[in-house]
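Here is how the chains run, residue by residue.
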Amino acid sequence: MGHHHHHIDSSTGKIKTAFFLNLFFTIIEIIGGIMTNSMAILSDALHDLGDSLSLGLAWFLQKFSQKEQSKEFSFGYKRFSLLAALINSVVLIVGSVFILTEAVPRLLNPEQPNTTGMIVLAILGIIVNGAAVFRLRGGDSMNQKVISWHLLEDVLGWAAVLVVSIIMAFTDLPILDPIASIAITVFILYNVVKNFIKTMRLFLEGVPESISLEDIVQKINAVPNINSTHHTHLWSMDGENHAFSTHVVVPENATKEEICHVKERIKEILHTISLEHVTIEIEYQDESCSLQDSS
């Protein structure tokens, strides 16, 4: 259990570092975007501002999620980490839509930006966001994965800005600036929506995508002395730690040793899943289930 807490503490520290890196660069970026008159840079600035706010929230909620269970939250506070991932996604979707409404009109009336300033800012953007991605690598929680993906998108976005600014430095094609802005935003929006759907699935207690509940049920039903199972549920606390519960029906003459063996076999089947909570309710064949009518 000690290892698990160390992992969460490590995750919080990584998000904190990424937050300060991102916030510092966002301030530089907003000033630089205005000075260079680049819609592509201002698009990334607004996106990074959203990222900074999201990172700050993620840092707070990831830290908050370490709290032990209480009378109000018997499962503990791990889902607050998932809440951060959900809010982050919403912030970026709204920000991306706003960027598109600003960038599209520029296609009709493109303005020549300061390409030298764009090149400098793009190089800085790749370095700073690249450092943040490197700091967050290897994250397991949905919160950390969502943030890592956003920051990786920023690196790709700045790479695109760098290429476009170099081309515009040698050619008279100011329309490339809003085109780059729209391309970056659409790419980001597509991936953020995918992450939003995944996070919503976890938030609504869907079965984690990487796990087949049907396969688990089949394996459990194949265990000797198990007649059937029902009310079997598998959901995730934060995308990393999961919970499992099931009702197992055994013969009416099953002995204590046989029931203990049944439980051990079920735990072996579940061993590959990172489970925070496991509940196995044993019911005898001639016993009626108190929840039978509820399903």
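Just so you know, these numbers come straight off a predicted model, no measurement behind them.

Let's shift gears to the overall build of the chain. Across its full length, the chain carries eight helices and three strands. Secondary structure elements of the chain, listed N to C terminal, follow the sequence α-α-α-α-α-α-α-β-β-α-β. Expressed as a percentage of the 295 residues in the chain, the buried residues total 46%. Within the chain, contacts between residues separated by at least 24 positions form 76% of all contacts whose residues are at least 6 apart in sequence. With the model as given, the accessible surface of the chain reaches about 14,800 Å², and the carbon-plus-sulfur share is 64%.

Moving on: the pairing of strand E2 (residues 242–250). A large share of E2 lies buried, amounting to nine of its nine residues. Of the two faces of E2, the one lined by His242, Phe244, Thr246, Val248 and Val250 and the one lined by Ala243, Ser245, His247 and Val249 are each fully buried. Each parallel crossover has a hand, and the one from E2 via helix H8 (residues 256–269) to strand E3 (residues 275–284) is right-handed.

With that out of the way, let us pick up a nonpolar patch on the surface. A contiguous nonpolar patch, built from Leu23, Ile27, Ile31 and Met35 and spanning about 400 Å² of accessible area, is present on the exposed surface. Within the secondary structure, Leu23 is located in helix H1 (residues 2–36).

All right, on to the sheet that holds strand E1 (residues 228–236) then. Spatial strand order, E1-E2-E3: three strands in an open sheet with mixed pairing. Of all strands in the sheet, those with a lone pairing partner are E1 and E3, marking the two edges. Taking the axes of each pair of neighbouring strands and ignoring which way they run, one obtains an average angle of 10 degrees across the sheet. Inspection of the sheet shows E1 paired to E2 by seven bridges, in the antiparallel sense. Directly across from His230, in E2, lies its bridge partner His247.

Another aspect to go through is the packing of helix H3 (residues 79–108) against helix H6 (residues 176–203). Following both chains from N to C, one finds H3 and H6 inclined at 155 degrees, their axes separated by 8 Å at the closest point. In terms of orientation, H3 and H6 fall into the roughly antiparallel class. For H3 against H6, the interelement crossing comes out left-handed. When the residues that make up the contact of H3 with H6 are grouped by side-chain class, the tally is 24 nonpolar, six polar and three charged.

Bringing the UniProt feature "transmembrane region" (unreviewed entry) in the chain into the picture now. The positions UniProt marks with the feature "transmembrane region" (unreviewed entry) are residues 20–39, 82–104, 116–134, 146–169 and 175–193. As a span, residues 175–193 carries 95% helix and 0% strand, and end to end its C-alpha atoms are 27 Å apart.

Moving on to the pattern of salt bridges. For the structure shown, the criterion picks out two salt bridges. Notably, a salt bridge pairs Asp215 with Lys219, separated by 3.4 Å at the nearest N-O pair. On the criterion of helical spacing, the pair formed by Asp215 and Lys219 is a turn pair, its members being four residues apart in helix H7 (residues 213–221). When its relative accessible area of 34% is taken as the criterion, Asp215 is described as partly exposed. For Lys219, a relative accessible area of 44% corresponds to the partly exposed category. A salt bridge links Glu268 to Arg265; its shortest N-O distance comes to 3.0 Å. With Glu268 and Arg265 both in helix H8, this residue pair falls three residues apart, about one helical turn.

Right, let's talk about the nonpolar core for a bit. Core analysis: the largest hydrophobic core is formed by 18 residues, its most contacted members being Ile216, Ile220, Ile226, Val248, Ile266 and Ile282. Those elements that place two or more of their residues in this core are H7, E2, H8 and E3. Considering every element that reaches this core, the biggest residue donor is H8, with four residues. Ranked by size, the runner-up nonpolar core spans 17 residues in total, among them Leu92, Val161, Val164 and Val192.

Turning our eyes to something else, we now look at a negative patch on the surface. Negative charge collects at one region of the surface, where Glu252, Glu281, Asp286 and Glu287 lie side by side. In this structure Glu252 comes out as partly exposed when scored by relative accessible area, which is 47%.

Turning to unusual backbone geometry, a few remarks are in order. Backbone phi values are negative for most residues with the exception of glycine, while trans is the configuration of most peptide bonds. Its identity as a non-glycine residue notwithstanding, Glu205 has a phi of 65 degrees, on the positive side. Inspection of the secondary structure assignment puts Glu205 in the loop between H6 and H7. Its relative accessible area of 47% is what places Glu205 among the partly exposed residues. The backbone of Asn225 sits at a positive phi, close to 75 degrees, despite the residue not being glycine.

Remark: the centre distance and the inter-plane angle together describe each pair of aromatic rings, the angle taken between the planes. Within the structure shown, the criterion is met by one aromatic pair. Arranged with centres 5.7 Å apart and planes meeting at 75 degrees, the rings of Phe25 and Trp158 form a pair that is edge-to-face. Separated by 133 residues along the polypeptide, Phe25 in helix H1 and Trp158 in helix H5 (residues 142–170) bring together distant segments of the chain. On the basis of relative accessibility, which here comes to 2%, the residue Phe25 falls in the buried class.

Calculation notes
- Throughout, residues of each chain are indexed from 1 in the direction in which the sequence is written.
- Only residues with pLDDT of 70 or above have their local features reported here, since the model is predicted, and side-chain atom pairs are shown and tallied only from 80 upward, although totals for entire chains, interfaces and linings are computed over all residues.
- Hydrogens are left out, water is left out, and the side-chain values use all remaining heavy atoms of the structure.
- Secondary structure follows DSSP: runs of H or I at least 4 residues long count as helices, runs of E at least 2 residues long count as strands, and numbering of each begins at the N terminus.
- Each residue gets one of three labels from its accessible area relative to the maximum for its type: buried under 20%, exposed over 50%, partly exposed in between, using a 1.4 Å probe on protein chains only.
- The contact definition used throughout considers only heavy atoms, calling two residues in contact when any of these lie within 4.5 Å.
- To be clear on the numbers: accessible area is Shrake-Rupley with a 1.4 Å probe, and residue cover counts the displayed protein chains and nothing else.
- With its strands directed away from the observer, a crossover is right-handed exactly when the path from the first strand over the helix to the second travels clockwise.
- Patch definition: residues above 30% relative accessible area lacking any salt bridge, with like charges linked at up to 9 Å and the nonpolar side chains Val, Leu, Ile, Met, Phe, Trp and Tyr linked at up to 5 Å.
- We define a salt bridge as a side-chain nitrogen of Lys or Arg found within 4 Å of a carboxyl oxygen belonging to Asp or Glu.
- Pairing between two strands requires that DSSP report at least two bridges joining them.
- To define axes, lines are fitted to C-alpha atoms, for helices over the stretch in contact only, and angles between the resulting N-to-C directions are given on a 0 to 180 degree scale.
- By definition in this entry, angles of less than 35 degrees are roughly parallel, angles greater than 145 are roughly antiparallel, angles of 65 to 115 are roughly perpendicular, and the rest are oblique.
- Left-handed is the label given to a crossing in which the near helix is rotated counterclockwise from the far helix by less than a right angle, and right-handed is the label when the rotation is clockwise.
- In this classification, Asp, Glu, Lys and Arg are treated as charged, Ala, Val, Leu, Ile, Met, Phe, Trp, Tyr, Cys and Pro as nonpolar, and every other residue, Gly included, as polar.
- UniProt positions are given in the numbering used here, feature names are shortened, and annotations may be inferred rather than shown by experiment.
- Residues grouped as a nonpolar core are buried Ala, Val, Leu, Ile, Met, Phe, Trp, Tyr and Cys residues, joined through side-chain atoms within 4.5 Å.
- Think of it this way: Lys and Arg go in the positive column, Asp and Glu in the negative one, and His and the chain ends go nowhere.
- One atom stands in for each charge, and that atom is NZ of Lys, CZ of Arg, CG of Asp or CD of Glu.
- Between the rings of Phe, Tyr and Trp (Trp by its six-membered ring), a pair exists once the centres lie within 6.5 Å; its type follows the angle of the planes, with under 30 degrees stacked, over 60 edge-to-face, and the other angles tilted.

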